[in-house]
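Listed here are the chains, written in short residue letters.
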Amino acid sequence: QVQLVESGGGLVQAGGSLRLSCAASGSIFSINVMGWYRQALGKQRELVAAIISGGSTNYLDSVKGRFTISRDNAKNTVYLQMNSLKPEDTAVYYCKHAVRATMASPIRDYWGQGTQVTVSS
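If you're wondering where the values come from, they're calculated on a predicted model, not measured in any experiment.

Here is what the cut-offs are and how they apply
Residues numbered from 1 in each chain as written. Predicted model: local features only at pLDDT ≥ 70, side-chain atom pairs only at ≥ 80, totals over all residues. Heavy atoms only, no water. Helix = DSSP H or I, 4+ residues; strand = E, 2+ residues; numbered from the N terminus. Rg over C-alpha atoms; globule rule 2.2 N^0.38 Å. Buried < 20%, exposed > 50% of the residue type's maximum accessible area, 1.4 Å probe, protein only. Contact = heavy atoms within 4.5 Å. Areas by Shrake-Rupley, 256 points an atom, 1.4 Å probe, with all protein chains shown as cover. Pairing = 2+ DSSP bridges. Axes fitted to C-alpha atoms, helices over the stretch in contact; angles between N-to-C directions.

J.: Looking at this structure, how should I read the overall build of the protein chain?
T.: The helix and strand inventory of the protein chain stands at zero helices and 11 strands. Listing the helices and strands of the protein chain from first to last along the sequence gives β-β-β-β-β-β-β-β-β-β-β. Computed over the C-alpha atoms, the radius of gyration of the protein chain is 14 Å, within 12% of the 14 Å expected from 2.2 N^0.38 for a compact globule of 121 residues. In terms of principal-axis extent, the alpha carbons of the protein chain reach across some 50 × 25 × 25 Å. A burial count over the protein chain gives 40% of its 121 residues as buried. Relative to all contacts within the protein chain whose residues are 6 or more apart in sequence, the contacts with residues 24 or more apart total 55%. Looking at the protein chain as shown, the accessible area adds up to about 6300 Å², and 50% of this sits on carbon and sulfur atoms.

Laid out in structure tokens, this is it:
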């Protein structure tokens, strides 16, 4: 089994910054994709940013230039640095890792528990 533990959410004023972390532990051979999603109240969950093992990234258009995703493969951890936060960034943020438990295992997705980010105007 694989467990993902998130940290770093909170309340911040518009224009402020937060850094989210998501650490994976358990049976892990490799992690292909690490990503951050968010779900605002009454809305569908959306992909915010993702990073593959080689380092390539992609971002939701509305966060480009403000958010940066990075990963530490030695620690099985993904980070999301969020700058110039806006009230519309308010949501529960979830991390997701695409994990291969052994060399012969299929890739499975695991989710973090979610962390609240609230941006006040």
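Here the narrative resumes, following the displayed structure.
J.: Looking at this model, I keep getting lost on the sheet that holds strand β7 (residues 67-72). Mind explaining?
T.: By definition, the strands of a sheet pair up through backbone hydrogen bonds, in either a parallel or an antiparallel sense. Strand order in the open sheet formed by four strands is β1-β3-β8-β7, and the pairing between neighbours is antiparallel. This sheet does not close on itself; its edge strands, each paired only once, are β1 (2-7) and β7. Looking at each pair of strands side by side, their axes are set apart by 15° on average, direction ignored. Here six bridges tie β1 to strand β3 (residues 18-26), and the two strands are oriented antiparallel to one another. When the bridges of β3 are listed, Val-5 appears paired with Ala-23.

Remember, this is a structural readout, not a statement about activity or role.
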